[in-house]
Amino acid sequence: MTRMDQVFKAYDVRGTVPDQLDAEMCQAIGRAMARFAQAPEILMARDMRASGVELSAAFSDGVRAEGVAVTDLGMGSTDFLYFAAGHLDAPGAMFTASHNPAKYNGIKLCLSGARPIGRDTGLVEIEVSAEGLLGQPLGELAAPRRELNLLDEWAAHVISFVDRDSLRPLRVVADTANGMGGLVVPIVFDSLPFSVEILFAELDGNFPNHPADPIQPENLVDLKAAVLAQGADIGLAFDGDADRVFLVDERAEPVSGSLTTALVAASMLKKYPGETILYNLICSHVVPEVVTELGGKAIRTQVGHSIIKQVMAETNAVFGGEHSGHYYYRDNFRADSGIITALLVLELLSLSDKPLSELLEPFQRYSDSGEINTEVRNPAATVEAIAQHEAAANASTDRLDGLTVDHGDWWYNLRPSNTEPLLRLNVEAKTPGECEEHVADVQQLIATYSNAT
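A quick note: this is a predicted structure, and the numbers were derived from the prediction, not measured.

A. Region of the structure containing the packing of aromatic side chains. Tallied over the entire structure, the rule returns seven aromatic pairs. On the basis of an interplanar angle of 40° and a centroid distance of 5.2 Å, the ring pair of phenylalanine 319 and tyrosine 329 is categorised as tilted. Taken together, the residues span a long stretch of sequence, with phenylalanine 319 in strand S15 (residues 319-321) and tyrosine 329 in strand S16 (residues 327-329) at a distance of ten residues. Grouping residues by exposure puts phenylalanine 319 and tyrosine 329 together as buried. Arranged with centres 5.7 Å apart and planes meeting at 20°, the rings of tryptophan 410 and tyrosine 412 form a pair that is stacked.

B. Summary view of the pattern of salt bridges. Applying the stated criterion across every chain yields a total of 23 salt bridges. The salt bridge partner of arginine 3 is aspartate 22, with a shortest N-O separation of 2.7 Å. Taken together, the residues arginine 3 in helix H1 (residues 3-7) and aspartate 22 in the loop between strand S1 (13-16) and helix H2 (23-37) connect sequence positions 19 residues apart. Take arginine 3: its relative accessible area is 31%, and that puts it in the partly exposed class. Through salt bridges with shared partners, a single network forms among Arg3, Asp22 and Glu24.

C. Region of interest: helix H9 (residues 257-271). In this model H9 runs 21 Å from its N-terminal to its C-terminal C-alpha over 15 residues, within 8% of the 21 Å that 1.5 Å per residue would give. Most of H9 sits out of view: 13 of its 15 residues are buried.

D. Spatial organisation of the sheet that holds S15. The sheet built from five strands is open, its strands ordered S14-S13-S15-S16-S17 with mixed pairing. Each edge of the open sheet carries a strand with a single partner, namely strand S14 (297-301) and strand S17 (335-336). Sheet topology places strand S13 (residues 276-280) next to S14; five bridges connect them, and they run parallel. The residue of S14 that forms the bridge with tyrosine 279 is arginine 300. Contacting S13, S14, S15, S16 and S17, helix H11 (residues 305-315) crosses the sheet at an angle of about 160° to S13.

The rules we used
Residues numbered from 1 in each chain as written. Predicted model: local features only at pLDDT ≥ 70, side-chain atom pairs only at ≥ 80, totals over all residues. Heavy atoms only, no water. Phe/Tyr/Trp six-rings, centres within 6.5 Å; stacked < 30°, edge-to-face > 60°. Helix = DSSP H or I, 4+ residues; strand = E, 2+ residues; numbered from the N terminus. Buried < 20%, exposed > 50% of the residue type's maximum accessible area, 1.4 Å probe, protein only. Salt bridge = Lys/Arg side-chain N within 4 Å of Asp/Glu carboxyl O. Expected span 1.5 Å × (residues − 1). Pairing = 2+ DSSP bridges. Contact = heavy atoms within 4.5 Å. Axes fitted to C-alpha atoms, helices over the stretch in contact; angles between N-to-C directions.

Given below as structure tokens:
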């Protein structure tokens, strides 16, 4: 494994600093990105991690040494960087490790127009080029670097997704987990008629209060307590780079990414009747059901932002959702945004006299396990063995992403991790009891076939 192999993942660059990812590597990646993008300038932003200052400066040097200008946007959220790439029609690099612990950092790359860069859309080529450039003399920094503040323009773009006149005073608690939400949430919300309390607003890449990973229930404890204590209408939990959001209703009950996808899809179809909605294959079956019931076209996709953005471009989908809390909008350059999603839900609350829990009731049709990770020696071989077992049992299966098995009244998806020796399991059934029973069934299959491979 080369040095670059350690940090180039399926959708981005990520690793521990400085043992896996360092300034020398970022300089080489900057040179490789400049050669790949073939653009006159590259945009750059970073989150609050201390290592981002050195790593982004090295990346900038690499870009400029290739004769390409750098526009430094300063600190911002990942969806802010995507906006800038669309607004300015230029490639971009966001220095962040999202929800990972403090010792990590990374780079999310995109082309002009916020077009994605993943393994199938350029990331492999950039990795190979960067590996070849690693350690080579840099030479003269032939192109300029400038600083540009686009945060106000971005905030206006975010707010444009809702009808400001329809908004009414609501009590909101936002847990930004010492991440970039602490910067961007006030910029967006200060001009809106909401009473907002922000938990852990201080930008601190050491995450002194709790990890910036809201998909984990233990990281919602403070938010849930604050929602109840404040009598809030809604709680918002952002991840480290603030491109994802998870909701907590007025009873402090967490809302799954699938239910949020269904809720927003229903709202988007009222504004844009008959349009196409994307959902990834681990979303609840409620999502395609709701889309179809409301006259929209539901399209199922693989997991991952670069894949979903590509399918959005091909289908002209108005919206796409992932169970993991990523939500994509055609009018946001097909990029994901947590804060746009938060505003759309607040608009729905403003237009209704019902609390969030009641707005969600029509979508609560199934019970899901959440994602369950199991460490196995050979994930791919285990999935293949289970696929053969299910085929022999005449179960309905597909291989769009990993293995999906549909037993009629329940289904599951099993996918190998892109970065770790893990299998990721998601199960959905009609009731919590049935879901728990089927999770045990599949876990037994994993234990049996992982030991045999």
